[in-house]
Amino acid sequence: MLRQLRIENFALIDRLEIELGPGLIAMTGETGAGKSIIVDALNAALGERVTSDSIRGGADQARVEAIFDLSDAPAAGAAAESAGIASEDAAIVLSRTIASGRSYYRVNGRSSSMADLRAIGEHLADIHGQHEHQELIHERSHRRFLDTFGGSEHQERLERFRAAWHELRDARRAQEQLATDERVRAQRLDLLRFQVEEIDQAGLSPDEDEKLQVERQRLMHYEKLRDGLVEAWGALDGEGSAGAVAQLRVAQDAAEELAAIDPDLSTVASALVEAVEQAEDAARGMRQYLEGMEEDPERINQVEARLSAIESLKRKYGDSVAQILEHRERAAVEIAALEGAEQSAEELERRVAELEREAGERAERLSESRRELARLLAERVEEELRPLGMQQARFEVQIEADADDEGLPDTDGRRWAADAGGIDRVRFMLSANPGEELRPLSKVASGGELSRLMLTFKSINAAGSQVPTIVFDEVDTNIGGRTALAVAEKLVGVSRHAQVLCVTHLPQIACMADRHLSVSKAVQGERTTVGVRELAGEERVAEIARMMGETDTAGTARRHASEMLQEAARTRERIRSGQEQPSTA
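Calculation rules
- Residues numbered from 1 in each chain as written.
- Predicted model: local features only at pLDDT ≥ 70, side-chain atom pairs only at ≥ 80, totals over all residues.
- Heavy atoms only, no water.
- Helix = DSSP H or I, 4+ residues; strand = E, 2+ residues; numbered from the N terminus.
- Rg over C-alpha atoms; globule rule 2.2 N^0.38 Å.
- Buried < 20%, exposed > 50% of the residue type's maximum accessible area, 1.4 Å probe, protein only.
- Areas by Shrake-Rupley, 256 points an atom, 1.4 Å probe, with all protein chains shown as cover.
- Lys, Arg positive; Asp, Glu negative; His and termini not counted.
- Charge placed at Lys NZ, Arg CZ, Asp CG, Glu CD.
- Axes fitted to C-alpha atoms, helices over the stretch in contact; angles between N-to-C directions.
- Left-handed = near helix turned anticlockwise from the far one by under 90°.
- Contact = heavy atoms within 4.5 Å.
- Patch = residues over 30% accessible without salt bridge, like charges linked within 9 Å, V, L, I, M, F, W, Y side chains within 5 Å.
- Salt bridge = Lys/Arg side-chain N within 4 Å of Asp/Glu carboxyl O.
- Pairing = 2+ DSSP bridges.
- Phe/Tyr/Trp six-rings, centres within 6.5 Å; stacked < 30°, edge-to-face > 60°.
- Lys NZ or Arg CZ within 6 Å of the ring centre and 35° of its normal.
- Core = buried A, V, L, I, M, F, W, Y, C linked by side-chain atoms within 4.5 Å.

A. Region of the structure containing the overall build of the protein chain. Secondary structure summary: the protein chain contains 19 helices and 17 strands in total. The globule rule puts the C-alpha radius of gyration for 585 residues at 25 Å, and the 41 Å found for the protein chain is more than 25% above it. The dimensions of the protein chain, computed from C-alpha atoms along their principal axes, are 130 × 80 × 45 Å. Going through the 585 residues of the protein chain one by one, you find that 43% of them count as buried. A total accessible area of about 30800 Å² is found for the protein chain, and carbon and sulfur atoms account for 46% of it. Counting 74 positive and 109 negative side-chain charges, the protein chain places the averaged centre of each group 8 Å from the other.

B. Spatial organisation of the packing of helix H7 (residues 208-220) against helix H11 (residues 297-317). Where H7 contacts H11, the two axes come as close as 10 Å, and the packing angle between them is 150°. Between H7 and H11 lies a crossing of left-handed hand. Across the interface between the two elements, Glu 208, Asp 209, Leu 212, Gln 213, Glu 215, Arg 216, Leu 219 and Met 220 from H7 touch Arg 299, Ile 300, Val 303, Glu 304, Arg 306, Leu 307, Ile 310 and Lys 314 from H11.

C. Broad picture of a negative patch on the surface. A contiguous patch of negative charge, built from Glu 223, Glu 294, Glu 295, Asp 296 and Glu 298, is present on the exposed surface. Within the fold, Asp 296 resides in the loop between helix H10 (266-292) and H11.

D. Seen up close, the pairing of strand E6 (residues 102-107). Side-chain alternation along E6 places Ser 103, Tyr 105 and Val 107 on a buried face and Arg 102, Tyr 104 and Arg 106 on a face that remains uncovered. Note that strand E5 (residues 91-99) and E6 share six bridges and pair antiparallel. Bridged to Thr 97 within E6 is Tyr 104. Where E5 hands over to E6, the hairpin turn is made up of two residues, of which Gly 101 adopts a positive phi near 95°. In terms of strand pairing, E6 meets strand E7 (residues 110-112) through three bridges, oriented antiparallel. Directly across from Val 107, in E7, lies its bridge partner Arg 110. Counting the residues in the hairpin turn of E6 and E7 gives two residues, including Asn 108, whose phi is positive at 50°.

E. Representation of the pairing of strand E10 (residues 403-409). Pairing between E10 and strand E11 (residues 415-416): three bridges, direction antiparallel. The partner of Leu 408 across the bridge, within E11, is Trp 416. Where E10 folds back onto E11 in an antiparallel hairpin, the turn is made up of five residues, including Gly 413, whose phi is positive at roughly 90°.

F. Here's a closer look at the environment of Leu 16. Position of Leu 16 relative to the elements: it lies in strand E2 (residues 13-19). Under the relative-accessibility criterion, Leu 16 is labelled buried at 8%. Considering only alpha carbons, one finds Leu 16 and Gly 531, 515 residues apart in sequence, at a separation of 6.9 Å. Leu 16 has contacts with Leu 5, Arg 6, Ile 7, Ile 38, Val 530, Gly 531 and Val 532, leaving out every residue within four places of it along the chain.

G. Geometry of the packing of aromatic side chains. Summed over all chains, the structure comprises six aromatic pairs. Ring centres of Phe 428 and Phe 457 lie 5.5 Å apart, and the angle between their planes is 25°; on these two criteria the pair is classed as stacked. Taken together, the residues span a long stretch of sequence, with Phe 428 in strand E12 (residues 425-431) and Phe 457 in helix H15 (residues 447-462) at a distance of 29 residues. Its relative accessible area of 0% is what places Phe 428 among the buried residues. Through pairs of rings, three or more aromatic residues link up here, namely Phe 145, Phe 395, Phe 428 and Phe 457. Lying across the ring of Phe 145, Arg 144 places its NZ or CZ 5.0 Å from the centre.

H. Region of the structure containing the nonpolar core. By size, the foremost hydrophobic cluster in this structure holds 61 residues, and its most contacted members are Leu 136, Leu 377, Phe 395, Val 397, Phe 428 and Leu 491. Setting aside anything within four residues of it in sequence, one finds Leu 136 in contact with Ser 141, His 142, Phe 145, Phe 428, Leu 441, Leu 450, Leu 453, Met 454 and Phe 457. The next biggest cluster of nonpolar side chains, apart from the first, holds 47 residues, and it includes Ala 79, Ile 92, Val 503 and Leu 517.

I. Region of the structure containing the sheet that holds E12. Taken together, the three strands give an open sheet; going across it, the order is E9-E12-E13, and neighbouring strands pair in antiparallel fashion. The sheet is open, and its two edges are formed by strand E9 (394-400) and strand E13 (439-440), each paired on a single side. The sheet contact formed by E9 and E12 spans seven bridges and is antiparallel. Bridge pairing in E12 places Ile 399 opposite Val 426. Helix-sheet contacts for helix H4 (residues 142-149) involve E9 and E12, and the interaxial angle to E12 is about 90°.

This is the structure:
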C-alpha cells in the first residue's frame, strides 16, 4: 500500500507530506481546495505524463515522492527486480523531479527511466480519475474490461493468442518483403553480382592500402633516405677513430679502468658498455638497410596504380579496405537470400497458412472463454448494481465478429477480422429502468450511472487484483441519498482487499472511512498554499456536518454527524467481518 506521499512545488502545493495507512481513506474539502492536485501528484510519481506547467510559480522544479509497502505487491517487486532495482525493508520509493523541459526519475534512490517507473507503478496503484468513467462510453475499451474480469486461465488463453498473432504478423511481413516485384529482384541481383565480382577481381587483402601508402613514401624519397643514412652511418661508424662508436669505446675503456680504482664509477662504465652496444646495433641496422636499398621507378608506378584502384573501390563501397570487404560479404548474403527467394516464398506461404490456422483456433478458444465471461460478468454487474440504486437495471455483454476475407479462419473455414486482442468486438449494453430496451452505454447511461458502473467493475476486480492501492477521484459524481450510502459500503468492501483512497464530497462516504483527511487552501503572504491534516474527534464531526450542508442550530448538525459516524463505524465493522449485506437503495 501507499505509506507516504511527499510533494514539493507541485501546482499550488508548496510542501506537503501525507502519511497514509490501510483501509478506506477519505479525502474531503471545499471545491477547488486541491484534492485532485494531490491525485495528480501521485500520478506523476507513478510515471504518468505531466508538463512543466505543474511546477509551482516561482520555483525551478517540482518533486514528488511516493513510498509503497511491497508486502502485498509481489508483481511490483518482480517488476523492480527485472529492472535491476533492489527493494529494502519490503518498501519501494518512486520519486520524480519535474524541471522545465524534462523529468528525472529515481527508484529507491537510483536513477531510472519513465518506462521503469511506469512498469513498477502500474502494479502499485490503480487511479480512477474524474473522467476515467468516460472510458465506459468507448466500446474499444469494453474488451479490456471484460478480459480484466477473467481469471488466470482466461489470461493464459489471451497470452497464447497474442503470441500466435505476433508470430503470424512477423511471418506476413516477411512474406510481403519477399513478394517484391520480380523485375526489381532481378535488377538487384545483377547489381550485387557485379559488385561482388568487381571486389573479388581486385584481390584485396586487409590493411593493404595502409601498407602501400608506407611503401610509396619510401620509394618517393629514395635519395633522401639513402643520403641521410650514409651520413648517419658515417657519423656512427666512420673510418678511423672519428666515428661515435670508436669514441664511445675509448670512453668505455677509460671508465672501466677508473672503476677498478673507484667502484662508484662502475655504473658509469656499465652505461657506456650499453651505449657502445646500442650504437653498434644502430650502425649495423643502417648498413643493412643501405645494402638492401634499390631504386625502382617502375615499382612506384605499380604502387600508384594499385592505390588508385583501391580509392576507386572506396568511393563505391567504403572508407577502408576492411569496409569494402564487409560490403562484399553483405552483398553475397543478400544474393543468396534473393536466389532462394522463390523457395523461401513457398515455405513462407505454407508457414503463414499454418500460423493462420493456429491463431484462428486460439482466437476461437479465446472467444469461447469471453462468451462465458460475458454471461458471468453480466450476472455479477446486475447483482452489484442493485444496492447502488439500480435495482431494475439489466446489463448485457454483446460479443460479435466481423467477416473479413483476409482475416483469421475458424474451424468452419470462415474468416474474421482480427487484431492483437482476438476476433471479438465487445459492447456493453444497459437498460437502467424497467421497460427500456438494452442499448449501448454511450446512448443510455448518465454520468451517475457510469460512475456506479465503474465502481462496480473496480469492486468486482479488486479481490483478484495484485494492485494494493486503488484511488477514486470523485467516484460519487451525480449520486446522493441512499445510493451514496450504498456506494460507501461498496468502497468499504473494496478496502477489504486493497488500500482505497477516495476523494469525495459526500458525507456518507467520508463517514465510512477508516481515516479522514481534510484538504484546505490558504493564502500565506501573497501566495496560495494547499494543506492536508487528518481529522479525528470533534474536527471530523464538524467536517461531516459541513459536508451535510446543515446549519448548526443548537448543535443539531453536529449530533447528526456524530450519529452518522457511529453508525458508519458499526456498518464498516460488519462489512469487514463479512456479516453485512449491502444496503438496498
